[in-house]
Amino acid sequence: MSHTLLCTPLLLALFMPVLLGCGPSTSGPNTVEVTGTVTYQGAPVEGANVIFQPATGSDQTMGSQAVTDSQGRFKLSTHVGGGKFKSGIAPGKYAVTINKLDTASISNTLAPPKDLLPKNYGNPKTSGLSADVSFEQENDFKFALSDN
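Residues numbered from 1 in each chain as written. Predicted model: local features only at pLDDT ≥ 70, side-chain atom pairs only at ≥ 80, totals over all residues. Heavy atoms only, no water.

**Observations concerning the overall build of the protein**
Counting secondary structure elements, the protein contains one helix and 12 strands. Residues classed as buried in the protein amount to 33% of the 148 residues present. Restricting to contacts in the protein with at least 6 residues of sequence separation, those with at least 24 account for 66%. Put simply, the protein shows about 9,400 Å² of open surface, and 59% of that area lies on carbon and sulfur atoms. (Helix = DSSP H or I, 4+ residues; strand = E, 2+ residues; numbered from the N terminus. Buried < 20%, exposed > 50% of the residue type's maximum accessible area, 1.4 Å probe, protein only. Contact = heavy atoms within 4.5 Å. Areas by Shrake-Rupley, 256 points an atom, 1.4 Å probe, with all protein chains shown as cover.)

Here it is, written out as structure tokens:
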């Protein structure tokens, strides 16, 4: 038997964990796809931070956040550790906050960036936004923001 034939199984055994670790993560909680759209005064909001936080009293332990694209669309994912993410979030009730920070206008590190959306949407107690994520329904949320 040649030396190469003996080494092949050994090399496979050594590199198999590395090869298996390169795919998408399947660990973490059971998740469901969550998408949505953010508009402000009827127009899509690009670059908005959409944050889903577990509602008070919820047994959910992980929230999620996404940034909207040029059409105001977002898609949530869950961090499952080690820098890996799993598409979707766990079912449950969530408080939702949305902000869009004007980072381009920061002139020094002492001034916080201005929120380009009404500031009530950036606080879970005042946003008035919520989402009930479930396996039994489509989870595509429309958040139509306006001046108060």
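The structure having been displayed, the exposition proceeds.
**Observations concerning the pairing of strand E3 (residues 49–54)**
One ladder, built from four bridges, connects E3 with strand E4 (residues 64–67); its direction is antiparallel. Each bridged residue has a counterpart across the sheet, and for Asn49 the counterpart in E4 is Val67. Taken together, the six bridges between E3 and strand E8 (residues 92–99) define a ladder with antiparallel strand orientation. In the sheet register, Asn49 faces E8, and the bridge partner there is Asn99. (Pairing = 2+ DSSP bridges.)

**Concerning the environment of Thr103**
Residue position: Thr103 is located in the loop between strand E9 (101–102) and strand E10 (114–115). Taking the relative accessible area as the measure of exposure, Thr103 reaches 54% and is therefore exposed. Separated by 10 residues in the primary sequence, Thr103 and Pro113 place their C-alpha atoms 5.5 Å from one another.

**Let's talk about the pattern of salt bridges**
Scanning all chains against the criterion turns up four salt bridges. A salt bridge links Asp140 to Arg73, with the shortest nitrogen-to-oxygen separation between them at 3.2 Å. Of the two residues, Asp140 is situated in strand E12 (residues 140–145) and Arg73 in strand E5 (residues 73–75); the sequence distance between them amounts to 67 residues. When the shortest N-O distance is used, the salt bridge between Asp132 and Lys93 registers 3.1 Å. Of the two residues, Asp132 sits in strand E11 (residues 129–133) while Lys93 sits in strand E8, which places them 39 residues apart along the sequence. Each of the salt bridges in this network shares a partner with another, and the network as a whole consists of Arg73, Asp140 and Lys142. (Salt bridge = Lys/Arg side-chain N within 4 Å of Asp/Glu carboxyl O.)

**Thoughts on the packing of aromatic side chains**
Applying the stated rule across the entire model yields six aromatic pairs. Here Phe52 and Phe143 contribute two aromatic rings whose centre-to-centre distance is 6.3 Å and whose plane-to-plane angle is 75 degrees, an arrangement assigned as edge-to-face. Linking Phe52 in strand E3 with Phe143 in strand E12, this pair joins segments that are 91 residues apart in sequence. This pair shows no difference in class: Phe52 is buried, exactly as Phe143 is. Three or more aromatic residues joined by ring pairs make a cluster, and in this case those are Phe52, Phe74, Tyr94, Phe141 and Phe143. (Phe/Tyr/Trp six-rings, centres within 6.5 Å; stacked < 30°, edge-to-face > 60°.)

**Some thoughts on the nonpolar core**
Ranked by internal contacts, the top residues of the largest apolar core, which has 24 residues, are Phe52, Ile98, Phe143 and Leu145. The set of elements that each furnish at least two residues to this core consists of strand E1 (35–40), E3, E8, E11 and E12. Apart from the residues within four sequence positions on either side, Leu145 is in contact with Val38, Thr39, Tyr40, Gln41, Ile98, Leu117, Tyr121 and Leu129. (Core = buried A, V, L, I, M, F, W, Y, C linked by side-chain atoms within 4.5 Å.)

**Here's the deal with the sheet that holds E4**
In a beta sheet, neighbouring strands are held together by backbone hydrogen bonds and run either parallel or antiparallel to one another. Reading across from one edge, E4-E3-E8-E11 is the order of the four strands in this open sheet, with antiparallel pairing throughout. What marks the edges here is a single partner per strand, and that holds for E4 and E11. Within this sheet the neighbouring strands show an average axis-to-axis angle of 25 degrees, counted without direction. (Axes fitted to C-alpha atoms, helices over the stretch in contact; angles between N-to-C directions.)

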